[in-house]
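Below are the chains, spelled out letter by letter.
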Protein chains: 2
Amino acid sequence: MAEAARFELAALSGSEKGAFLRTLSQALEEALEELVTLMTAETALPETRVRAETARSCGQLRMFADLVEGGDWVDARIDRARPDRQPLPKPDLRSMLRPIGPVAVFCAGNFPLAFSVAGGDSAAAWAAGCPVVVKAHSSHPGTALLVGRKVVESLKECGWPEGSFSLLFGRGKLIGQSLVSHPAIKAVAFTGSRQAGRSIMELAAKRPEPIPVFAEMSSVNPIFVLSGINSTKIEAFAEGLSTSATLGVGQFCTNPGIVFHPGGQWGEEFISHYSGKMAKVAPAPMLNRGICESYEKGLDFLANLQGVEVVRRVFAGTDQDCCKAGVCVLKAKAKDFLDNSSMMEEVFGPATLLVSYESFDQLISIAARMEGQLTSSIFGEEDDLEKCDSLLRILEGKAGRLIFNQFPTGVEVCDSVVHGGPFPATSDSRSTSVGTGAILRFARPVCYQGFPEKTLPHELKDANPLSLRRKEN
Amino acid sequence: MAEAARFELAALSGSEKGAFLRTLSQALEEALEELVTLMTAETALPETRVRAETARSCGQLRMFADLVEGGDWVDARIDRARPDRQPLPKPDLRSMLRPIGPVAVFCAGNFPLAFSVAGGDSAAAWAAGCPVVVKAHSSHPGTALLVGRKVVESLKECGWPEGSFSLLFGRGKLIGQSLVSHPAIKAVAFTGSRQAGRSIMELAAKRPEPIPVFAEMSSVNPIFVLSGINSTKIEAFAEGLSTSATLGVGQFCTNPGIVFHPGGQWGEEFISHYSGKMAKVAPAPMLNRGICESYEKGLDFLANLQGVEVVRRVFAGTDQDCCKAGVCVLKAKAKDFLDNSSMMEEVFGPATLLVSYESFDQLISIAARMEGQLTSSIFGEEDDLEKCDSLLRILEGKAGRLIFNQFPTGVEVCDSVVHGGPFPATSDSRSTSVGTGAILRFARPVCYQGFPEKTLPHELKDANPLSLRRKEN
């Protein structure tokens, strides 16, 4: 069905695509109270989060509606013929971005709305003109079904073909693997664990026709505290960090997992403040038992590494059904961190590893050793930032988003955001899964040579009927 | 050395990169007579071709110089802070494209200059700010060495670090495999066979840190002759086709390998004309013995397929040292073509398979069955083009460049060209290896959040000192 719908969707205008995205956005807004009831029950996420995530999802749909109604995103380029050019005439060439074809979207466990059935990946694919086949997440099938029904209703209302959207349910790997392997699927969007993401990447690469995979996987989002940070700011920093590290029970891909901070007196004071702030955070339920078990196992692993010391670890109790996770603060020295790359591995949950360093050279060595990240934050005075150009240059090669004096959680959905980064943060550092840039994952340039005006797409006609910003030669 | 040079190159301004590209372009122009002597001896390509390819290579370097001196390619985006936004303040976010890191470039056997040491891939990578490590092709090591020396001289003249460029020689797979597997390499550009390209893709996907591969591999560049083509144009069409199919002894990736044409009277006449035109083309030396042997083997394979008939095959003689290839014209019926997907495989050389069809439905079935292509051409009257929208929609999903009433060889180097397409034409249909768009393969977006004005890259400063076209909110 997706394959059959492909050509119909590819022929839709920007305003037709915008109309559907707006219809769906409104349908979700109208379903808000139902979503609150269902999603809080399925995920144990608080009501405020459900309301905020619904608003974000609706906002994303409208953002892509704005983008495709405007139309400039197609990157229209025109090189007009020059029949008298020597030694050979120049032909007429015009290009623009066109939909890549049916996209498989895997719902994210930690974003039941914003990165699931009608989340960012689906919105970007529809905006590009691609049919979407969604694999629901077993942690929130009810939410998926409710949103899926809203998608189907909105499609009908807008007269889109049935194959524009399908929703698949089922535990285990069979459905996901069949989806990634299906010849009609031309791209994959995934948010989840490094292991699952990597296996999808491998499956896609082995197909008779390999296809691109946009997997957002694993990131410890390191924070680098420059030695020049004012000691009067320690408490505010510890407060902000604990809020960021425990937001959503630490279940954000931008959760700050490791902090590199000056050792000595400053370090002692910071660890003490941070441990105190974290002590105030009560254990809270995680999204499902698997995530909770992985969290505890990850902490056990980390705590047993040579050079790692547990500052504070809160156990949530033995009742397995509650899936509650307590916070954890661990510490280590930069020297030991550099000796053991296992300390860099992500522990998904409300845990922070505090690593004290003795010199800027150590900080540089650590940055150079880090794997790819979604974000890297630097805290310090403005003057210090200017002096640490060598650190910045390294971090720029490692992360999609560099942050100064702010915490990484809270991803702004806009034109400029980059939610991406080198592996293992994502499978393709040249893309973003948040913001308008996300549409580029599902589009490819197509060139039309020697086509008569009346047969050209509107975007490339001489008269520029859509008033696009184009590159014309 | 490439890893060490990475940060220095990433810090270069557009005008500094432009200066190097122009210096190199001039150095190659000055080496023209040396290139003519060396390259004709190594490749058996005619002098006119060497002169034209040198001009193209120099033009490509200048095109990228223009691009980076202008600077708009970085896609600068700015979302300014809104501290008073409710419920949460909006942070300041700014993004632009930054170099991906060291790029491995494999010289193309069939383009000793334009897609080799200082060819399109290298030029695009340098323009993006990436160090380049080139693997020379064993068919033209002398040309590679000469061009490599010009690169080194130009780098020295412009004060670029040594690691900006390395050139590796050696037959076999060891060097190439080591290069693709090296942790410092962050992207690969390759032009060559489907088999070699696929093995590079698999190697890159298996790395601890998988990296993107931009491989340009295999394309039969189908030509679809609409039934409405005017019969008075048969001879001109046959003439144009034979010129395109034998250009460079058929050793172009855009060589038209298969023509789908109306059967019946029109078809008979066309085949007769085409065979006659091809009869006038004398056997000529191919680039190396391997290519020549593959060509003859490919023809044997094709000629023996059920439903394929040899119309004319010219054998070049038994002298293996000459590596000469004669033309070949084969024919088949659409029905048999649809029954046997082996007929779609590329035979690299001056051969054409003519497939006669009986109905438009057959043409649609064929188009739907085709693998990914660099180009697909349609020949016919303008009125017929308007009526074949269903064919166009399918071809658009299969090829990077759609052409009307022109032959596919002769790739214009400009902003609008797309030299790409779905697998097996390339490994990533979202990219082009020719034209200014090629730079996007070697760049990734990086976002700066909360950075003070003075620490931002010039491209993102409020004052817009480079006068870039930016997206500002």
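Coordinates for the structure precede this section.
Residues numbered from 1 in each chain as written. Chains lettered and ligands numbered in written order. Predicted model: local features only at pLDDT ≥ 70, side-chain atom pairs only at ≥ 80, totals over all residues. Heavy atoms only, no water.

Asks: What am I meant to see in the packing of aromatic side chains here?
Replies: Centre distance and the angle of the planes are the two values used to describe a pair of aromatic rings. In this structure the tally under the stated criterion is 34 aromatic pairs over all chains. Ring centres of F379(A) and F407(A) lie 4.8 Å apart, and the angle between their planes is 40 degrees; on these two criteria the pair is classed as tilted. Placement of F379(A) in strand 15 (residues 373–379) and of F407(A) in the loop between strand 16 (399–404) and strand 17 (443–449) is noted, with a sequence separation of 28 residues between them. F407(A) shares its class with F379(A); the two are buried. When the ring of F404(A) is compared with that of F451(B), the centres are 6.1 Å apart and the planes differ by 55 degrees; the resulting orientation is tilted. One end of the pair, F404(A), is in strand 16; the other, F451(B), is in the loop between strand 17 (443–449) and strand 18 (471–472), on a second chain. F404(A) sits in the buried class, given a relative accessible area of 4%. Members of the aromatic cluster, connected to one another through ring pairs, are F237(A), W266(A), F270(A), Y274(A), F379(A) and F407(A). The ring of F111(B) has R49(B) sitting right over it, with the charged end atom 5.1 Å from the ring centre. Its guanidinium or amino end placed over the ring of F111(B), R56(B) lies 5.2 Å from that ring's centre, counting from NZ or CZ. (Phe/Tyr/Trp six-rings, centres within 6.5 Å; stacked < 30°, edge-to-face > 60°. Helix = DSSP H or I, 4+ residues; strand = E, 2+ residues; numbered from the N terminus. Buried < 20%, exposed > 50% of the residue type's maximum accessible area, 1.4 Å probe, protein only. Lys NZ or Arg CZ within 6 Å of the ring centre and 35° of its normal.)

Asks: Which parts of the structure should I look at to understand unusual backbone geometry?
Replies: Phi is mostly negative for residues that are not glycine, and the peptide bonds are mostly trans. In this chain, Q86(A) is followed by P87(A) through a cis amide linkage whose omega measures 0 degrees. Position of P87(A) relative to the elements: it lies in the loop between strand 1 (77–79) and strand 2 (93–99). The residue after F423(A), namely P424(A), is reached through a cis peptide bond having omega 5 degrees. The backbone of N221(B) sits at a positive phi, close to 45 degrees, despite the residue not being glycine. Within the secondary structure, N221(B) sits in the loop between strand 7 (213–216) and strand 8 (223–225). By relative accessible area, N221(B) is classed as buried at 0%. In this structure, N405(B) is a non-glycine residue whose phi angle is positive, near 55 degrees. Residue placement: N405(B) occurs in the loop between strand 16 (399–404) and strand 17.

Asks: So what exactly am I meant to see when it comes to the environment of C447(B) here?
Replies: Within the secondary structure, C447(B) sits in strand 17. The class of C447(B) is buried, set by a relative accessible area of 0%.

Asks: What am I meant to see in the packing of helix 2 (residues 14–30) of chain B against helix 6 (residues 141–158) of chain B here?
Replies: For any two helices packed against each other, the geometry is given by the interaxial angle and the distance between the axes. Residue and element names in this part refer to chain B. Running from N to C, helix 2 and helix 6 cross one another at 140 degrees; their axes reach a closest spacing of 9 Å. Relative to helix 6, the element helix 2 lies oblique. Judged by the twist between their axes, the crossing of helix 2 over helix 6 is right-handed. Seen from helix 2, the contacting residues are A19, F20, T23, L24, A27 and L28; seen from helix 6, they are V147, K150, V151, S154, L155, E157 and C158. Considered class by class, the residues forming the contact of helix 2 with helix 6 number nine nonpolar, two polar and two charged. (Axes fitted to C-alpha atoms, helices over the stretch in contact; angles between N-to-C directions. Parallel < 35°, antiparallel > 145°, perpendicular 65-115°, else oblique. Left-handed = near helix turned anticlockwise from the far one by under 90°. Contact = heavy atoms within 4.5 Å. Nonpolar A, V, L, I, M, F, W, Y, C, P; charged D, E, K, R; others polar.)

Asks: Please clarify how the sheet that holds strand 8 of chain B should be interpreted in this entry.
Replies: The strands making up a sheet are joined through hydrogen bonds of the backbone, oriented either antiparallel or parallel. With respect to topology, eleven strands assemble into an open sheet ordered 18(A)-1(A)-2(A)-17(A)-16(B)-15(B)-8(B)-9(B)-14(B)-13(B)-11(B), the strand pairing being mixed. Lying at the two open borders of the sheet, with one neighbouring strand each, are strand 18 (471–472) of chain A together with strand 11 (309–313) of chain B. Where strand 1 of chain A meets strand 2 of chain A, three bridges bridge the pair, whose relative direction is antiparallel. Within the sheet, the bridge partner assigned to I78(A) lies in strand 2 of chain A and is R94(A). Sheet strands touched by helix 9 (residues 234–246) of chain B: strand 8, strand 9 (258–262), strand 14 (351–357) and strand 15 (373–379) of chain B. Its angle to strand 8 of chain B, the strand with the most contacts, is close to 175 degrees. (Pairing = 2+ DSSP bridges.)

No statement about biological role is implied by the geometric values presented.
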